[in-house]
Amino acid sequence: MDTISIVGGGPAGLRCAELLAESGFDVSVFEEHPVIGKPEKCAGLVSRSGLEELGIKPGGSLVNEIKGAKIFSPGGESLTVERKETAAYVIDRFEFDQMLFKKAREKGAAVYNESKLIDLRGNGLFMEIKGHGEMRRSKITVGADGANSMVRHSAFGEKPEQKDKFVHACQTRATGKFDRHLVEVHFGSFAPGFFAWVIPESATVARIGTGVPMGGNPAEQLNAFIKQKNIGAKGSGKISALIPIGPPLKETATGNVMLLGDAAWHTKATTGGGIVFGLKAANACANTIIGNMKNRSPLSDYEKNLRGINRELALHWRICRYARDMQPAQMDALFRKAKKAGIERFLQEHGDMDNPGKFMRKMMLKPSMWSLLPAALRMI
Ligand SMILES: Cc1cc2nc3c(=O)[nH]c(=O)nc-3n(C[C@H](O)[C@H](O)[C@H](O)COP(=O)(O)OP(=O)(O)OC[C@H]3O[C@@H](n4cnc5c(N)ncnc54)[C@H](O)[C@@H]3O)c2cc1C
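Here the structure is a predicted model, which is why all the values come from computation and not from measurement.

A.B. asks: Go over the layout of surface pockets, please, and point to the residues and values.
C.D. replies: Within this model, the second largest pocket holds a volume of roughly 370 Å³. Forming the walls of the second largest pocket are 15 residues, and the residues nearest its centre are Gln162, Pro247, Pro248, Leu249 and Lys250. Every element with two or more residues in the lining of the second largest pocket is listed here: helix H4 (150–156) and helix H8 (307–324). For the lining of the second largest pocket, a count of residues per class yields six nonpolar, three polar and six charged.

Put into structure tokens, the structure is as follows:
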């Protein structure tokens, strides 16, 4: 019998394993792929403040430092927000995941590669381990197995309202000419309901991607974006994967099973970013398990421990829905209005990639921003 089994060796699962092993618990991570961090499917943009709050340094995974963003409306209106200091990091996801893997192993977690969960029944995990079927038992199982979580399907069932709460994303690594300290965000027909991004690794290499609703063709839309914007970039290879875009799951613990990270929609619906919030949720998940093992507190405390995280994620979802429902001309007009009200300067001083709640509260206190309050309130 394993004490704690974590399905999925991504950032959320590995971080949770590290924290539990550090507290002296017997924890095993099961990852279906042969190498942690591969295949890569991420743009690797993380807020500096988010990592600092978690006490994680990007270390050898650091590729580039970002100071701000240029945001383009469908009609080509633009807002530029640039800080003097670094606001975000571009990381190499393979190196980052490897770093978390090594930390988890150093603390005593067992990490099994080529170990795929096939089905979950109560405390029984039906696994395929290096090509062979095996049945394992576990006191507590954490599903950190990504957007298509098998743990979620098996233990919680798929709710019809969750079906369309994904964006299909496609990304390429391209050479061209880029502003190395600014990311670009483009709204337009090439990314209906979401956006396209340009995230520079350097002045000559960038990660360029688009997200489209389920059923769309993100690779075609990515080509359309590169052509339409005349980015002049030459892509090499494409990756494509789902990003959970929706409200955070209400039910994340049932019986002896918990959900974590992308499996539980711990992603910012505004940007699709899930690294920082997945890591934050890993803290909440590990603390809940520690409380359960030491003091017999129920695993359902997880939802209480996630409350602060979920509040911010719910706000991201409301902002995302508001932007998604806007007509292109309305968005152009909002960009013009925001620019006139001085939003660029305001975001430079108070913008927060992760916590829109903080930013909204500051907005209420600033008379120059009040013309944007009706839009802000409609979002909320
Ligand atoms: C194109 C793209 C760009 C993105 N860009 C960013 C970005 O710039 N910044 C950001 O913060 N986020 C970004 N994201 C989101 C980010 O990648 C995820 O939020 C993050 O990886 C979630 O971490 P996780 O540990 O929850 O899940 P994952 O990283 O998905 O890890 C889940 C792991 O579980 C394993 N697994 C799945 N099923 C099983 C099974 N049955 N048995 C065993 N193992 C299994 C998988 O192989 C995987 O290793 C992007 C996503 C995409 C698709």
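Read on, since the account is not over.
A.B. asks: Can you explain the packing of aromatic side chains? Please cite residues and give values.
C.D. replies: Under the defined criterion, the tally for this structure stands at seven aromatic pairs. Judged by centre distance (5.2 Å) and plane angle (40°), the ring pair of Phe166 and Trp265 falls under tilted. Taken as a pair, Phe166 in strand E12 (residues 166–175) and Trp265 in the loop between strand E18 (257–259) and helix H6 (275–295) lie far apart in primary sequence, 99 residues in all. Given the relative accessible area of 9%, Phe166 is considered buried. On the numbers, 4.8 Å between centres and 55° between planes, the contact of Phe190 with Phe225 is tilted. Here Phe225 lies in helix H5 (residues 218–228) and Phe190 lies in the loop between strand E13 (182–186) and strand E14 (196–200), a separation of 35 residues in the sequence. Under the relative-accessibility criterion, Phe225 is labelled buried at 0%. Counting every residue linked through ring pairs, the aromatic cluster contains Phe187, Phe194, Phe195, Trp197 and Phe335. Sitting above the plane of the Phe94 ring, Lys38 keeps its charged end 4.6 Å from the centroid.

A.B. asks: Any chance you could break down helix H11 (residues 356–364) for me, citing the residues and the numbers?
C.D. replies: Taken as a whole, H11 has its buried residues at Pro356, Gly357, Phe359, Met360 and Met363. Looking down the long axis of H11, one finds its buried residues gathered within 165° of arc, a one-sided arrangement.

A.B. asks: Describe the sheet that holds strand E3 (residues 45–47), with residues and values.
C.D. replies: Ordered in space as E3-E7-E4, the three strands form an open sheet in which the pairing is antiparallel. Every interior strand has two partners, whereas the edge strands, E3 and strand E4 (62–66), have only one. Direction aside, neighbouring strands of the sheet carry axes that sit 30° apart on average. Across three bridges, the pairing between E3 and strand E7 (residues 88–91) is antiparallel. If you follow Val46 over to E7, its bridge partner there is Tyr89.

A.B. asks: So, the site of the ligand: which residues are in play, and what are the values?
C.D. replies: Close to the ligand lie 32 residues; Glu31, His33, Leu45, Leu117 and Asp262 are nearest. At a separation of 3.1 Å, a nitrogen atom of the ligand approaches a polar backbone atom of Glu32. If one sorts the elements of the shell around the ligand by residue count, strand E9 (residues 115–121) sits on top with three residues. For the shell around the ligand, the per-class residue count stands at 13 nonpolar, 12 polar and seven charged. Taken together, domain 1 (2–44 + 93–162 + 246–305) and domain 2 (66–89 + 166–244) each give at least three residues to the shell around the ligand, which thus spans both.

A.B. asks: An account of empty space enclosed by the protein is requested, with residue identities and associated values reported.
C.D. replies: Here the structure, examined in full by the defined rule, presents one cavity of 30 Å³ or more. Considered as a void within the structure, the largest cavity measures approximately 30 Å³ in volume. Looking at the largest cavity, the residues that line it are Lys70, Phe178, Asp179, Leu182, Glu184, Val198 and Pro200. Of all the elements in the fold, those that place two or more residues in the lining of the largest cavity are E13 and E14. Residues that form the lining of the largest cavity fall into these classes: four nonpolar, no polar and three charged.

A.B. asks: Hey, could you go over the packing of helix H1 (residues 11–22) against helix H3 (residues 93–106) for me, with residue numbers and the actual values?
C.D. replies: Between H1 and H3, the shortest axis-to-axis distance is 8 Å and the interhelical angle comes to 20°. In terms of their interaxial angle, H1 and H3 are classed as roughly parallel. Considering how the two elements wind past one another, H1 and H3 form a crossing that is left-handed. Here Pro11, Leu14, Ala17, Glu18 and Ala21 of H1 come into contact with H3, specifically with Arg93, Asp97, Leu100, Phe101, Lys103 and Ala104. Split into classes, the residues belonging to the contact of H1 with H3 amount to seven nonpolar, no polar and four charged.

A.B. asks: Tell me what's going on with the pattern of salt bridges, and back it up with residues and numbers.
C.D. replies: In this structure the tally under the stated criterion is 19 salt bridges. Residues Asp164 and Lys165 are paired through a salt bridge, measuring 3.6 Å at the closest nitrogen-oxygen approach. The partner of Asp301 in a salt bridge is Lys304, with the nearest N and O atoms 3.6 Å apart. With Asp301 and Lys304 both in helix H7 (residues 301–305) and three residues apart, the pair spans about one turn of that helix. Residue Lys304 is classed as partly exposed on the basis of its relative accessible area of 47%. A network of salt bridges, in which partner residues are shared, links Arg173, Glu201 and Arg207.

About the criteria used
Residues numbered from 1 in each chain as written. Predicted model: local features only at pLDDT ≥ 70, side-chain atom pairs only at ≥ 80, totals over all residues. Heavy atoms only, no water. 1 Å grid on protein atoms, 1.4 Å probe; cavity = no way out; pocket = protein on both sides within 12 Å on 5 of 7 lines; lining within 4 Å. Points joined across faces, edges and corners; volume = space filled by probe spheres on them. Helix = DSSP H or I, 4+ residues; strand = E, 2+ residues; numbered from the N terminus. Nonpolar A, V, L, I, M, F, W, Y, C, P; charged D, E, K, R; others polar. Phe/Tyr/Trp six-rings, centres within 6.5 Å; stacked < 30°, edge-to-face > 60°. Buried < 20%, exposed > 50% of the residue type's maximum accessible area, 1.4 Å probe, protein only. Lys NZ or Arg CZ within 6 Å of the ring centre and 35° of its normal. Arc of directions from axis to C-beta. Pairing = 2+ DSSP bridges. Axes fitted to C-alpha atoms, helices over the stretch in contact; angles between N-to-C directions. Near = heavy atom within 4 Å. Polar contact = N/O pair within 3.5 Å; in protein donor to acceptor, adjacent residues only side chain to side chain. Domains from an automatic or database assignment. Parallel < 35°, antiparallel > 145°, perpendicular 65-115°, else oblique. Left-handed = near helix turned anticlockwise from the far one by under 90°. Contact = heavy atoms within 4.5 Å. Salt bridge = Lys/Arg side-chain N within 4 Å of Asp/Glu carboxyl O.

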